[in-house]
Amino acid sequence: MSNQTYTISTLLEKLNEPDKDFRYMAANDLINELQKETVQLDDETEKKVVSGVLKILDDKNGEVQNLAVKCLGPLIRRARDVSAETIVDKLCFNTMTREKDQAQLRDISSMALKTVFHELPSSNQGLVGNLSKRVTGKLHPFISKEKVQEVSIHLEILEIIGTLLQKHGHHLVNYHSVLMDAFFPLLKNNRMAVRKRAITALSNLVNVCSEEMFETLIQNLLREISLEISANDAKTTVQFLEGISRAAGLRFGKHLHEFIGYVLKFAQQDDDELREYCFHTMETFLQKCPTEVSPFVLDIVNVALKYLSYDPNYSYTDEDMEEDTGADGDEGQFSDDEDISWKVRRGAVKCLEAVITTRREYILDCLKRIGPALIARFYDREDAVRVDVINAFSSLLQQTDNTLGAMRSKNDFGDERDLPVGVSDALREQLPALIKASKKLIVDKSIKSRQATLQMLSRLVGVLKGCLTEHFHLLLPGLEFCLVDKSSVSNIKLEALYFLQSCMSTHPPELFAKYASQLIKIFCRCIGDSFYKVIAESLAALQQLISVLRPVGKPQLLDVAPFAPELYGAILSRFKDSALDQEIKERAVSCMGQLMFSLGDYLRPELKGCLPIFIDRLKNEPTRLSTMNALVNVTSSPLHNDVSEVLDELLNLSTSFLRKNLRNLRLATLQLIVQLFNKYGTRIDPQIVSNIVKELPPLIHESDLLISEVSLRVIAAAGDCHPLAIIANKEQIVKKIVEIGNSAIMQGGTLTAVIDALKVLVASGAKHDKELTPMTLIKSFLQPVYTNTLNSQNISDVVFSATHRQGFFGTAKCVAALAIASGTAENVVATCIDDIRNPASSENVKMIAFAVIGEIGYYCDLSRQKGLQEAFNCAFETGKDDSKMFAAMALGKICGGNIKQFVPAIIKDLENEVQKQYVLLNGLKELIHLIPSERISAADFAPYVDRMWNALLNKAGSVEEGYRNLLGECLGKLTALDPQRFVPVLGEVLQKATQVQVRCTMVTAIKYTISEERREIDQVLKDNIGTFLACLDDSDLTVRRTALTLFNCVAHNKPVFLKDKLNVLLPLVYKETIIKPELIREVEMGPFKHEVDDGLDCRKAAYECLYTLLDACLDHLNIFEFIEHVSRGLNDHYDIKTLCFLFVRRLVSAAPNAVTQRLEQFTAEISKVLQIKVKPSAVKQEFEKTDELKRAALRAVHALTLLPDADKSRSVVDLQNTIKSTPELAAMWEQVKSESSPTSMSAHSHGDVPMDTS
């Protein structure tokens, strides 16, 4: 006997002990043993365990019985089929016992039976189906009340079968008809409890039954509801309609129009309970059948608004609204137990909230009609209703933000004329009433009302920036009450602090300057609070207030000197205390740093006292990072804060921090060192500088450009004050600078930092090291390409280099900077020309040479450089493609040195030369990209625009697509220089063009005028874009594909251009997603025949457009029509299938309700993909391609499982079972789940929840 078996046998013996404590401990230990992964039970032991656990279900002690139920969970997951059948048979028998003294056993067995089916392993569908049928077969005869007289037994049986239908209904297909016939009559049972369980069971059944059975049920229900029925029957029917629509919204949707009229009629009958049920049902209709309910939304809103203020037993007066709304009684207690009118009002509120959250297209109507009605009910006498009203208004604010925010993110116009008309104005009109109501609510006795109001106000200031500028004074007394009153709980204080922080970040500083004294007193008192979170948020709010009251680089709003001592004292009390919570210490350090940054000139003596504390916090690892950031703040202040007293210690500590693994700490440390080097310069000990410089080379690497940039800035600062420290470490520094200078990803600030560091190196070398010359550094940079040394005459004997060619641009900039700074530019260019003309030079040498010429030529006039023209001609005529491209870019760049000399020459060659057209266009593109820039202004370029434009337009009919794209880009960039003139010309040429190539070029040209940035061209484009997008209906396939590319570009960068055109353009895009058989042709490839789909690229472009629209114009899409096209794409080509699986994942988060209604459609298509088999003779790439497609499908399945009701969908459950039962798919499934596991992020969101916009 194994140790495990012995332990379990011992525990089973103890289950028979007379002492209940022994039985309790034994049962608890047995659960722990069964939960172990390693446990293995032989047949005999398993039988004993099953028998023992079933026996203690009838234990006299209730706690032991509860443990027996818990024990069944792990047991059923490990039990063999025979044992599982024994368990459910025994539990069914106990559940149906009629003896009065067995009531407790009956109840516990019922609970155990539900536990068993909840814990059954989904991987063993055979066992699940067998047990489900077994239990249903035993219990379904007792659904009828006549066969079981005991009410409690009847209710338990109904609940068990309802649970079975919900979780495993698809296994009970043979029982569906019997169960339907048995449950339907129970809807008229005398007991409401029986009716409710029957409704639950039938609702679960309609989700899995056949279409024929569902139609029969609907017809029976329609027949019943059309008759004159009693109030109780009406309540049951309405509740049943809610259950059906919640469980099977897609199925029920097509019948909704037949029932909603009755629901609206019942809602106006004189029965409060019936009204409540009607509102719940209409709320579900809105959520689960959004398309079908659309014609009835206005009727629903009218009824809900009518009963929103329904309170027949109470008369509201103006005096009531001015008084404390919480004065009617204790929080959460209703004044009259028989008065349920509050439930009607609450149902109406929920119904209106459903309209708000699901009908984004009605946002303006919601603001104008529903908004004022909700505000009027902020005074409701019942706390539960009042909170729901406030939350509903918060949802309205959130939906308003969704509408405005989606446009703000892509809106590039200076005013709001392109935002949805009147949305922000409609909300602003309600501000006075809203603030008046909120003013009362934030001092209400109800904590829930106060908290909901503060959260709502926080959302309000996020939606309408600066909206409280004229109303803040009305709210301030209430906020002060929330923060300083002794009766305020921590949650209220926190919400008030969050609101004030939101206000300070969204309102002008002048507003808070008026109330500075009051706000400072409030925050200082809150800093003395006992709850750590309140202290931390108070410090954060005070830090924000300090930065607002005295902004850097702007006129002072008020005299802050009187506040400095009070602020310092309050912050110091927490800053110097080392025994506080970690969050408080970090916030106190940051707050003190901000105080010294903003008010340091009034606190010179106090700063000296704080510096030792800062040093102490630096030595403490938990507060090190926040302290370093605070010191960066202190030293970067324009108030010239002096930290010289701790300078050496600070720099010595910083030196050690550069070796730490924490990236943010290294970054902050480097920033502090730069500040100190720039500020104290030669006053710093040279040895300290040298120690710091030694630590810098390992930090310079292309894997972290930001750290590299700041490290280079430290080197530059160190070179300015102590050049010998740089000279002492020159080899490592030069090596690292060269490495990152040659990096393919170096750009922006890092490149500037490299060039600055190089200048410092040259300056340091000139004074202290004659070997560190510009030419030496140039040699170092070119070493990856050139193998021999560089002298002042020539570079020879070159070999191919592995250096990434993209890195040549950075290298060239560095070489050019060194050459120009040292005055050797002419010699370097001459050397480069020699290398280009040298037949022995490799392609890499020619490319780097042209790159250097281009960078130097941008700043220096090379028009008189000998051999330059010959070098370009040599590359254009005999060079390879790569060197030609570099030569073309250099040709464009050297125009910066002498635009009058080079630009006319380029245009002349473009007009006359035929062979060099492609490279000339590349050069022209580079030139146009430089306008305007440091060396070439638009005015300088203006005299050449007309001639260049005509030369390009004359070549628009080129047959070759790559040439046309380049030509179109040049035309587009030229158009952007003078849009008022050239955009209409492009449109005119497009409309008159008969050549396909010309039309493609014009559409391509306009695409290159579109950018995310806000520019003057935007208004012209908006007015003319329709002309170009009309090509979506062109007769030529190539033009349509080019137009789709333009459409996608507009949707991504300027969706505002499409808003009023989607109703015309979207059908054209949808049309291109359809497979066209006439575009599929058969091609013979030797003995094989291969199908070529000429329309594939066009379809892919169309689906890419749809994917962009899903992100940019969701509120303008008919989501169900959109889903139909996505679903069709799952049957298309591999690339389109992969993209459509991305659609599914995006739709789950963007429109969950719509996806839920189309679950069966999606799962059917996904199932086909998962069943794809590859022929054994297929090549490896085919296997990899199929596996990747299946992974994409499984990721889509995982997204579908995240839907709220996915576990109730038979199609999703079946699909998961298919995946788990297929070893190949099961392995992929586990991998997908591990990839998709959500990461928790803790941040206060003020109750913000992503809203469904479907």
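As the structure is a computational prediction, the values presented were derived from the model and not from experiment.

> Mind showing me how you'd approach the overall build of the protein chain here?
Regarding its fold elements, the protein chain presents 63 helices and 2 strands. A principal-axis box enclosing the C-alpha atoms of the protein chain has dimensions of 115 × 90 × 80 Å. In the protein chain, which comprises 1254 residues, the share counted as buried stands at 55%. Taking contacts inside the protein chain between residues at least 6 apart in sequence as the whole, the part at least 24 apart equals 75%. In the structure as shown, the protein chain presents an accessible area of about 54000 Å², 49% of it carried by carbon and sulfur atoms. Averaging the locations of the 145 positively and 164 negatively charged side chains of the protein chain gives two centres separated by 2 Å.

> It is not clear to me how the environment of T163 should be interpreted in this structure. Could you clarify?
Counting through the fold element by element, T163 comes out in helix α8 (residues 151-168). T163 sits 38 residues away from A201 along the chain, and the two C-alpha atoms are 7.4 Å apart.

> Can you walk me through the environment of L105 in this structure?
Mapped onto the fold, L105 is located in helix α6 (residues 103-119). It is 91 Å that separates the C-alpha atoms of L105 and I778, two residues lying 673 residues apart in sequence. In this view, L105 contacts L57, D58 and N94; residues no more than four positions away in its chain are not counted.

> What's the story with the state of the cysteines in this structure? I'm lost.
Disulfides are covalent bonds that connect the sulfur atoms of two cysteines. Scanning the entire structure with this criterion turns up 0 disulfides. Distance from the sulfur of C289, which forms no disulfide, to the nearest cysteine sulfur (C351) is 13 Å. Taking relative accessible area as the criterion, C289 reaches 0% and is therefore assigned buried. We note that C1105 lacks a disulfide partner, and the nearest cysteine sulfur, in C1098, lies 9.2 Å from it. By relative accessible area, which is 0% here, C1105 ends up buried.

> For this particular structure, what's the right way to read the packing of aromatic side chains?
We describe a pair of aromatic rings using the distance from one ring centre to the other and the angle between the two ring planes. Counted by the stated rule, this structure contains 18 aromatic pairs. Ring plane angle 35 degrees and centroid distance 6.1 Å describe the contact between F872 and F876, whose orientation is recorded as tilted. With F872 and F876 both in helix α44 (residues 868-878) and 4 residues apart, this pair spans about one turn of that helix. No difference in accessibility class separates F872 from F876, as the two residues are buried. Put simply, the rings of Y1103, Y1107, F1122 and F1143 touch in pairs and so form one group of aromatic residues.

> In this structure, what is going on with the packing of helix α58 (residues 1134-1150) against helix α60 (residues 1159-1170)? I would like to understand it.
A pair of packed helices is characterised by two quantities: the angle between their axes and the separation of those axes. Taken N-terminus to C-terminus, the directions of α58 and α60 make an angle of 145 degrees; their axes are 12 Å apart at the nearest point. Pair α58 / α60 crosses with left-handed handedness. Across from K1137, F1141, V1144 and L1147 in α58, the residues of α60 making contact are F1162, I1166 and V1169. Of the residues in the contact of α58 with α60, the class split is 6 nonpolar, no polar and 1 charged.

> I'm lost on the pattern of salt bridges in this one. Help?
Side-chain pairing between opposite charges can occur once the charged atoms of the two side chains come close. Scanning the model with the defined rule gives 66 salt bridges in all. Put simply, K138 and D89 hold a salt bridge, and the shortest N to O gap is 3.9 Å. In this pair, K138 sits in helix α7 (residues 125-139) while D89 sits in helix α5 (residues 81-96), placing the two residues 49 residues apart along the sequence. On the accessibility criterion, D89 (23% relative accessible area) is partly exposed. Note that D380 is salt-bridged to R345, the shortest N-O span being 2.7 Å. Of the two residues, D380 is situated in the loop between α19 (363-376) and α20 (383-410) and R345 in helix α18 (residues 341-358); the sequence distance between them amounts to 35 residues. Among the residues examined, D380 registers a relative accessible area of 0% and is labelled buried.

> Looking at this structure, how should I read helix α50 (residues 961-977)?
Within an α-helix, residues lying three or four positions from one another point in the same direction, as the helix has 3.6 residues per turn. Taking 1.5 Å per residue as the helical rise, α50 with its 17 residues ought to reach 24 Å, and the 25 Å between its terminal C-alpha atoms agrees with that figure. Within α50, burial applies to Y963, R964, L966, L967, G968, E969, C970, L971, G972, L974 and T975. If you check the start of α50, you find a side-chain oxygen 3.0 Å away from the backbone N of G962, and it comes from E960.

> Where do I start with the environment of G719 in this structure?
Here G719 shows up in helix α36 (residues 705-721). Placed 262 residues apart in sequence, G719 and R981 show a C-alpha to C-alpha distance of 52 Å. If sequence neighbours within four positions are ignored, G719 has contacts with I726, V760 and S764.

> Just checking my understanding: could you explain the pairing of strand β2 (residues 1088-1093) for this structure?
The side chains of a regular strand alternate, residue by residue, between the two faces of the sheet. Counted residue by residue, β2 has 0 buried out of 6 residues, so it is predominantly exposed. Judged from the 6 bridges that link them, strand β1 (residues 1080-1085) and β2 form a sheet pairing that is antiparallel. Each residue of the ladder has a partner; that of R1081, found in β2, is V1092. In sequence, β1 turns back onto β2 through a hairpin of 2 residues, with G1086 there showing a positive phi of about 65 degrees.

> Explain unusual backbone geometry here, please?
It is generally the case that most residues other than glycine have a negative phi and that most peptide bonds are trans. Cis rather than trans, the peptide bond between I931 and P932 has omega equal to -10 degrees. With respect to the helices and strands, the residue P932 is situated in the loop between α47 (917-929) and α48 (938-941). One non-glycine residue, H640, lies in positive phi territory at about 60 degrees. Mapped onto the elements of the fold, H640 is located in the loop between α32 (621-635) and α33 (647-657). With relative accessibility at 60%, the residue H640 sits in the exposed group.

> Could you clarify how one ought to interpret helix α2 (residues 20-34) in this entry?
Here α2 spans 21 Å end to end across 15 residues, near enough to the 21 Å set by a 1.5 Å rise per residue. R23, A26, A27, L30, I31, E33 and L34 are the residues of α2 that are buried. Projected down its long axis, α2 carries its buried residues within an arc of 160 degrees, all on one side. Its side-chain oxygen at 2.9 Å from the backbone nitrogen of D21, D19 defines the N-terminal cap of α2.

Parameters at a glance
Residues numbered from 1 in each chain as written. Predicted model: local features only at pLDDT ≥ 70, side-chain atom pairs only at ≥ 80, totals over all residues. Heavy atoms only, no water. Helix = DSSP H or I, 4+ residues; strand = E, 2+ residues; numbered from the N terminus. Buried < 20%, exposed > 50% of the residue type's maximum accessible area, 1.4 Å probe, protein only. Contact = heavy atoms within 4.5 Å. Areas by Shrake-Rupley, 256 points an atom, 1.4 Å probe, with all protein chains shown as cover. Lys, Arg positive; Asp, Glu negative; His and termini not counted. Charge placed at Lys NZ, Arg CZ, Asp CG, Glu CD. Disulfide = S-S within 2.5 Å. Phe/Tyr/Trp six-rings, centres within 6.5 Å; stacked < 30°, edge-to-face > 60°. Axes fitted to C-alpha atoms, helices over the stretch in contact; angles between N-to-C directions. Left-handed = near helix turned anticlockwise from the far one by under 90°. Nonpolar A, V, L, I, M, F, W, Y, C, P; charged D, E, K, R; others polar. Salt bridge = Lys/Arg side-chain N within 4 Å of Asp/Glu carboxyl O. Expected span 1.5 Å × (residues − 1). Polar contact = N/O pair within 3.5 Å; in protein donor to acceptor, adjacent residues only side chain to side chain. Pairing = 2+ DSSP bridges. Arc of directions from axis to C-beta.

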